[in-house]
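Working through the structure, step by step
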Amino acid sequence: KTPEGEHAAKGAIHMIRERNLKNLNILDIGCGVGIIGLTIYTKLSSEGIVSEIVFSDINIFNLHSLKRTLKSNNLEHLLGDRIRCYLSDGLQHIPETEKFDISIGNPPQFISKKTSEEWLSPGKLGTYDANWSFHKSFYSTCSSLLKEKGEVWMFENSAADANAFISFISKA
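To start, this report covers the structure provided alongside it. Here the structure is a predicted model, which means the values were calculated and not measured.

With that settled, the discussion passes to the overall build of the protein chain. Counting secondary structure elements, the protein chain contains 5 helices and 7 strands. In the protein chain, the succession of α and β elements from N to C terminus is α-β-α-β-α-β-β-β-β-α-β-α. In the protein chain, which comprises 172 residues, the proportion classed as buried is 41%. Sequence-distant contacts, at least 24 apart, represent 75% of the contacts inside the protein chain between residues at least 6 apart. Here the protein chain displays about 9,600 Å² of accessible surface, and carbon together with sulfur accounts for 52% of that area.

If you want it as structure tokens, here you go:
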């Protein structure tokens, strides 16, 4: 168990409160089992700060775990309305009708030059970003799903070299 999702959620909640943001539609991209988005939603929805949350992940096992968590926390009734889930590689299968104030994520942390068959196993799927393909694809298309003043908040691994992906972030 690693605390990255919990730390990212706490950081996001702090930034949302500090900026006095309200009525947010949030995308938790590459959500894993939903720790970031669920923490934000459960802490801020009752105050009217978060109105909707969308979860997206490439790994169907993660989304099944997320749905079981929703059920065990009596939030399952919100599925399809205030909480939506998409099985998607990056933004590929998220409807264009979805628009977000914030896209938040803790993207694949392990960078490699090539894809390995091992990475397609349920326990590894979505943790590797061969040749920065997730990052490049996400940043080249994310503006189509953001509202006019929408923002991207990515909580990157401290081992990631920001200079390696500045070029494709600046093209977004």
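Okay, back to it.
For Phe 55, the location among the structural elements is in strand S2 (residues 50-57). With residues near it in sequence (within four places) discarded, Phe 55 still touches Asp 28, Cys 31, Gly 34, Gly 37, Leu 38, Leu 66, Ile 83, Arg 84, Cys 85 and Tyr 86.

Once that is clear, we can look at the packing of aromatic side chains. All told, the structure shown has 1 aromatic pair when counted by the stated rule. With a centroid separation of 5.2 Å and an interplanar angle of 80 degrees, the aromatic rings of Phe 138 and Tyr 139 are classed as edge-to-face. The same class applies to Phe 138 and to Tyr 139, which are both buried.

So, about the side chain of Ser 88. Residue placement: Ser 88 occurs in the loop between strand S3 (83-87) and strand S4 (100-105). Once you skip the residues sitting within four places of it in the chain, Ser 88 turns out to touch Ser 56, Asp 57, Ile 58, His 93 and Ile 94.

Turning next to the pattern of salt bridges. Within the structure shown, the criterion is met by 6 salt bridges. Glu 151 serves as the salt-bridge partner of Arg 19, at 2.4 Å between the closest nitrogen and oxygen. Taken as a pair, Arg 19 in the loop between helix H1 (4-18) and strand S1 (24-29) and Glu 151 in strand S7 (residues 146-154) lie far apart in primary sequence, 132 residues in all. A single salt-bridge network, built from bridges that share partners, covers Glu 52, Arg 84 and Glu 98.

Turning next to the sheet that holds S2. With parallel pairing, 5 strands are arranged side by side in an open sheet as S3-S2-S1-S4-S7. Strands at the two margins of the open sheet, each flanked by one partner only, are S3 and S7. Here the strands of the sheet are splayed against their neighbours by 20 degrees on average, with no regard to which way each runs. As defined by bridge partners, S1 adjoins S2 across 6 bridges and the pair is classed as parallel. The residue bridging Ile 26 from the neighbouring strand is Ile 53, located in S2. Packing against the sheet, helix H4 (residues 133-141) makes contact with S1, S4 and S7, and its axis sits at approximately 160 degrees to S7.

Moving on to the environment of Leu 24. Following the sequence through the fold, Leu 24 ends up in strand S1. Classification of Leu 24 by relative accessible area gives buried; the value is 4%. A C-alpha to C-alpha distance of 6.7 Å links Leu 24 and Glu 52, two positions 28 residues apart in sequence. The residues contacting Leu 24, other than those within four sequence positions of it, are Ile 16, Ile 49, Val 50, Ser 51, Glu 52, Asp 101 and Ile 102.

Before going further, it helps to spend a moment on the packing of H1 against helix H2 (residues 35-44). Packing of H1 against H2 leaves a shortest axis separation of 8 Å and a crossing angle of 40 degrees. With respect to H2, the element H1 is oriented oblique. Here H1 and H2 pass one another in a crossing that is right-handed. Residues Gly 5, Glu 6, Ala 8, Ala 9, Ala 12, Ile 13, Ile 16 and Arg 17 of H1 form the contact with H2, whose participating residues are Ile 35, Ile 36, Thr 39, Ile 40, Lys 43 and Leu 44. Looking at the contact of H1 with H2, its residues break down into 9 nonpolar, 2 polar and 3 charged.

Criteria and thresholds
- Residues numbered from 1 in each chain as written.
- Predicted model: local features only at pLDDT ≥ 70, side-chain atom pairs only at ≥ 80, totals over all residues.
- Heavy atoms only, no water.
- Helix = DSSP H or I, 4+ residues; strand = E, 2+ residues; numbered from the N terminus.
- Buried < 20%, exposed > 50% of the residue type's maximum accessible area, 1.4 Å probe, protein only.
- Contact = heavy atoms within 4.5 Å.
- Areas by Shrake-Rupley, 256 points an atom, 1.4 Å probe, with all protein chains shown as cover.
- Phe/Tyr/Trp six-rings, centres within 6.5 Å; stacked < 30°, edge-to-face > 60°.
- Salt bridge = Lys/Arg side-chain N within 4 Å of Asp/Glu carboxyl O.
- Pairing = 2+ DSSP bridges.
- Axes fitted to C-alpha atoms, helices over the stretch in contact; angles between N-to-C directions.
- Parallel < 35°, antiparallel > 145°, perpendicular 65-115°, else oblique.
- Left-handed = near helix turned anticlockwise from the far one by under 90°.
- Nonpolar A, V, L, I, M, F, W, Y, C, P; charged D, E, K, R; others polar.

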